[in-house]
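Summary of structural features
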Amino acid sequence: MNAQSPVNLSVLRAMSAEKQRIACLTAYDASFASVMDAAGVDLVLVGDSLGMVIQGRGATTAVTLDDIAYHSRYVAPALSRAFLVADMPFLSYATRSRALDAAQRLMQEGGAAMVKLEGGREQARIVEFLSERGVPVCAHLGLQPQLIHKMGRFRVQGREAASADAMRRDARVLEDAGADMLLLECVPSALGASITEAAGVPVIGIGAGGDVDGQILVMHDMLGVSPQARSGRPPRFVRNFMDGQPDIESAFRAYVEAVKSGAYPAAEHCF
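Being a predicted model, the structure only gives us computed values, none of them experimental. Numbering of residues begins from 1 in every chain and follows the order in which that chain's sequence is written. Two thresholds apply to this predicted model, a pLDDT of at least 70 for residue-level local features and 80 or more for giving and counting side-chain atom pairs, whereas whole-chain, interface and lining totals are computed over all residues. As a rule here, side-chain values cover all heavy atoms of the structure and leave hydrogens and water aside.

Let us look at helix α8 (residues 161–177). The terminal C-alpha atoms of α8, which comprises 17 residues, lie 24 Å apart, in line with the 24 Å expected from a rise of 1.5 Å per residue. Three labels apply to residues, based on accessible area from a 1.4 Å probe with only protein chains included: buried if under 20% of the type maximum, exposed if over 50%, partly exposed otherwise in between. Labels follow the DSSP assignment, with helices taken as runs of H or I lasting at least four residues and strands as runs of E lasting at least two, numbered in each case from the N terminus. Of the residues making up α8, those classed as buried are Ala-164, Met-167, Asp-170, Ala-171, Leu-174 and Ala-177. Taken end-on, α8 shows its buried residues confined to a sector of 145 degrees, consistent with a single buried face. Set apart from the buried face of α8 by more than 90 degrees, the exposed residues are Ala-161, Ala-162 and Asp-176. What makes two residues a contact is simply this: any of their non-hydrogen atoms within 4.5 Å. Where α8 is buried, its residues contact α6 (124–132), β5 (137–142), β6 (181–185) and α9 (189–198). Immediately beyond the C-terminal end of α8, within one or two residues, lies Gly-178, with a positive phi of roughly 120 degrees. A helix is expected to span 1.5 Å multiplied by its residue count minus one. This arc describes the spread of directions from the helix axis toward the C-beta atoms.

Take a look at the structure:
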């Protein structure tokens, strides 16, 4: 693959098939997105994590569709190579009509090439409905931050055999429904590896071990400036890539290189 060619779904599928690791980060504005693009980041996510790292809230559930569309709209023009994905906020895909309206806004107004939604097999009909209408979908399994008020706290998912089996089934159901990509958050490395081996689409991990097709981190975490990082209690899967680097672009390049080489995640970042 030409390192300067724009990344699209075909490129991401080829990278997965050829075992070329995919480096992904979140971005929320043009300046950081432009630096990421120059540093070789393959995929940029306008995540609802902006509720925590931009808006200073304690959860992602207050983030609105307007918020994601706004930030995506200003990230998109800054990317000449990276593939842009936008999060579907809490309850924006509760029905098929709402999901279609949200996806239309994020792709037309926000410039996204793909939307991401949280949930397992219960989202299969939404994924199928969007996919049949030409919307590329990333399905988010494992820890689902939009469910924090039901879960009570963030914790690793899929540790028990029954829940791991259920997640593997969910991944198959969502792929069969038309999901073009899977994202696994906070799952044991062995489970991440088994889902990736069985999948026919690229699998991106955040705290899902080193045997998935790619890695993603929240930009503020990997720069060491998020509230969790500054408190000294970053998630286990986070590494501060600003350490030893002279500037932010160098940190992004170090992250890309570590993902591509397999140096990140190391054992201490895995469950």
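Further remarks concern the environment of Ala-39. Note that Ala-39 resides in helix α2 (residues 30–39). For the pair formed by Ala-39 and Ala-267, sequence separation is 228 residues and the distance between their alpha carbons is 25 Å. Ala-39 has contacts with Glu-249, Phe-252, Arg-253 and Val-256, leaving out every residue within four places of it along the chain.

Attention shifts here to the sheet that holds strand β7 (residues 203–206). Strand order in the closed barrel formed by eight strands is β1-β2-β3-β4-β5-β6-β7-β8, and the pairing between neighbours is parallel. Adjacent strand axes in the sheet meet at a mean angle of 25 degrees when their direction is disregarded. When DSSP locates at least two bridges between a pair of strands, those strands are taken to pair. Bridge count between strand β2 (residues 43–46) and strand β3 (residues 83–87): four bridges; the pairing is parallel. Considered in β3, the bridge of Leu-45 is made with Val-85. Helix axes use the C-alpha atoms of the stretch in contact, all axes being lines fitted to C-alpha atoms, and the angles between their N-to-C directions lie in the range 0 to 180 degrees.

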